[in-house]
Amino acid sequence: MALDLVIENGTVIDGSGGPRYRADVGVKAGRIVEIGRIRSAAAERIDAEGHIVSPGFIDGHTHMDAQVAWDQLGSCSCWHGVTSVVMGNCGFALAPCQPEEREWIARCLEAVEDIPVDAMMNGIDWTWETFPEYLDQVEQLPKAINYSAFIGHSALRMYVMGKRAQSEVANEDDLRKMGAIVEEALQVGAVGLSTSRATTHITPDGSPIASRIADWSEIDYLVGTLAKRNQGIFQIGPDVSGGEAHQTFLKRLQKVALDSGRPIMFGTLSTQQGLDPYPWQEQTRYIDETVAAGGRMYGQTTTRPIIALFSLKSYLPFDNLPAWQALRDLPIDEQRRRFADPDTRSALVAAEATMKPRDGVFQGGGAATTDPKKPDYSNLFALRGVDWDDPTVEELSKQAGQHPVEVMLDLMMGNEDQLFVQPLVNESPADVLGMLQHPRTLATFSDSGAHVCQEMGSSLQTHLLNYWVRQKQAFSLEQAVRMLTFDNASAFEFNDRGLLRPGYRADVVVFDADTIRPRLPTVETDLPGGARRLVQKADGIAATVVNGAVTFRHGASTEVYPGQLIRANQGTIQ
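Residues numbered from 1 in each chain as written. Predicted model: local features only at pLDDT ≥ 70, side-chain atom pairs only at ≥ 80, totals over all residues. Heavy atoms only, no water.

**Quick notes on the overall build of the chain**
And step 1. Summing up its helical and strand segments, the chain has 18 helices and 26 strands in all.
And step 2. Its C-alpha radius of gyration of 24 Å places the chain within 12% of the 25 Å reference for a compact globule of 574 residues.
And step 3. Each principal axis of the C-alpha atoms in the chain carries an extent, and together these give about 75 × 60 × 45 Å.
And step 4. Counting only residues that meet the buried cut, the chain has 61% of its 574 residues in that class.
And step 5. In the form shown here, the chain has an accessible surface area of approximately 21,000 Å², with 47% of it arising from carbon and sulfur atoms. (Helix = DSSP H or I, 4+ residues; strand = E, 2+ residues; numbered from the N terminus. Rg over C-alpha atoms; globule rule 2.2 N^0.38 Å. Buried < 20%, exposed > 50% of the residue type's maximum accessible area, 1.4 Å probe, protein only. Areas by Shrake-Rupley, 256 points an atom, 1.4 Å probe, with all protein chains shown as cover.)

Given below as structure tokens:
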């Protein structure tokens, strides 16, 4: 039998966690058909000598709902070995949506997820209204990776309740209508229902997003819809306010899990910010107790801190100060020239002194807020590499005997691409490692497609392989590959992905275990309408294969788009 593709001479790590072995992988009609010594003829061959051959990586927490409309590649995830993503997390989605509410939905996404409205309005051919129509649109789009989607609670509420969704508890009629739409979404392949209780998730006017207005009885009703069909995952953005509020959230979520029997997922985070920080150990304790009582619960976690990135070409922590605003509107070269002027420098330093001191309230990146606090320079790093060993601005300030603002100005004068990193949560490497080592967490919280000019989580996978496997040797390569493949495929019930086995979809990544690593991010203007975003690529990936077709070779697109819409509970091994 002539094959479509043979990946030969490689070392297979099949995603199961089992030991690696040398073998060829044969592909026909988008599926793996043979593993071993393959002598059959093939239309295309990849020589994987000296490389690892593994299942394609799966990312279950993205916000690529809008980006899929204009980005055929699926960047930046595609450059890090990701072959399948789940979008629509945290209740944010583009469907269902009344035509007159499109811009409002887009503005909510901009307010929370930093996806520019102009990019969405210019880049989306917004022809759908219902969730099934949206999935049909995604299915038809050319794609280099696979997509699956939650139906989002905030979009659902807005569709059924209109403006009341932002201020009122749902009545019985609202619940029936929302339940029917959730059931319809499950019928056409939604991976489940997502929502958010996160206090940081607000609308453009500063009010809570629609899902946060819902009471827990509404969540019980909607998750009950999943339970009636015995189908679908419930994903929730957690209440991150700390203290008693966070404890109450965990207890109530545990009740949802035990009452419904459906899989529950939430972001497992750890932070030292705020008056009442909360540790990740408390969250995983609730997960363990829930599972021991018969529930199904997972924590979604990262492989590094969740960060805010600042730069001359994007945002700086001082952008809302009047003295800085006038300067920041100038071309980059002119800004750098003026940074050298003593009078300008003095004015910029003086303006920083007018910022409010930091308080005990959890603060995000600061760039998007109208009331930023003075940066914590001991937690603001001058990015030099990707290995988590950068100096803080405070350290550099003490070494140079300069004000921290002057240090930042000098760095930007010397390098217009200089980045500054502020860890927001998961600040401690020890905490990140503890979460990753817990048996009920998933390495899947990239937020890819969101925070496009503030944060870069799309390198989650290559960071794990570079930092935690190769540098720190905290995991074997077999363990890490399983975390990125089979563990996520199993949790999201993708029954024919995540392993290299005959009959499984031929989603494959071929990489060099000794060189795979993320590159430094850059600021680009490649969104629709020329809006800015952070772009991060990777080294060490020789080839990516999606549904049997080679989509990338050494990071360059082959301009082949075999990606599919993954309709939940409809993938089977043949």
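Picking up after the structure, the text goes on.
**Some remarks on unusual backbone geometry**
And step 1. In this structure, the amide linkage connecting Ser-75 to the following residue, Cys-76, adopts the cis form with an omega of 10°.
And step 2. If you trace the backbone, Cys-76 turns up in the loop between β7 (61-62) and β8 (82-87).
And step 3. The linkage connecting Ala-95 with the following residue, Pro-96, adopts the cis geometry, with an omega of 0°.
And step 4. The phi torsion at Asn-9 lies on the positive side, around 70°, for a residue other than glycine.
And step 5. With respect to the helices and strands, Asn-9 occurs in strand β1 (residues 3-12).
And step 6. Under the relative-accessibility criterion, Asn-9 is labelled partly exposed at 28%.
And step 7. Although it is not a glycine, His-451 adopts a positive phi angle of roughly 50°.
And step 8. The topology assignment puts His-451 in the loop between β18 (445-448) and α16 (460-471).

**So, the confidence of the model for the chain**
And step 1. This prediction gives the chain a mean pLDDT of 93; 95% of its residues lie at or above 70.
And step 2. Predicted confidence is poor over residues 364-368, with pLDDT under 50, and the contacts of this stretch with residues over four places away or in other chains come to 13 contacts. (pLDDT = per-residue confidence, 0-100. Contact = heavy atoms within 4.5 Å.)

**Brief notes about the pairing of strand β9 (residues 146-152)**
And step 1. For β9, the buried fraction is high: 7 of the 7 residues fall into the buried class.
And step 2. Burial along β9 is two-sided: Asn-146, Ser-148, Phe-150 and Gly-152 facing one way and Tyr-147, Ala-149 and Ile-151 facing the other are all buried.
And step 3. The pairing of β8 with β9 spans 4 bridges and is parallel. Within β9, the residue paired with Val-86 across the bridge is Ser-148.
And step 4. Here β9 runs beside strand β10 (residues 192-196); their pairing, made up of 3 bridges, is parallel. Counted as the bridge partner of Ile-151 is Leu-193 from β10. (Pairing = 2+ DSSP bridges.)

**Considerations on the packing of aromatic side chains**
And step 1. For the structure shown, the criterion picks out 10 aromatic pairs.
And step 2. With centroids separated by 4.8 Å and ring planes inclined at 85°, the aromatic side chains of Tyr-467 and Trp-468 adopt a geometry described as edge-to-face. Comparing Tyr-467 with Trp-468 shows no difference in burial state: the two are buried.
And step 3. By way of ring pairs, the aromatic residues Trp-126, Trp-128 and Tyr-134 are connected into one cluster. (Phe/Tyr/Trp six-rings, centres within 6.5 Å; stacked < 30°, edge-to-face > 60°.)

**Some remarks on the pattern of salt bridges**
And step 1. Scanning the model with the defined rule gives 40 salt bridges in all.
And step 2. Between Arg-164 and Glu-168 there is a salt bridge, with the nearest N and O atoms lying 3.2 Å from each other.
And step 3. Of the residues examined, Arg-164 reaches a relative accessible area of 27% and is grouped as partly exposed.
And step 4. Judged by relative accessible area, Glu-168 falls into the partly exposed class, the value being 35%.
And step 5. In this structure, Asp-526 and Arg-533 form a salt bridge, with 2.8 Å as the shortest nitrogen-oxygen distance. (Salt bridge = Lys/Arg side-chain N within 4 Å of Asp/Glu carboxyl O.)

**A short note on the environment of Ala-443**
And step 1. Tracing the sequence through the fold places Ala-443 in strand β17 (residues 441-443).
And step 2. Taking the C-alpha atoms as reference points, Ala-443 and Ala-480, 37 residues apart in sequence, are found 9.2 Å from one another.
And step 3. Among residues more than four places away in sequence, those in contact with Ala-443 are Thr-301, Thr-303, Leu-436, Leu-460, Met-483, Leu-484 and Asn-488.

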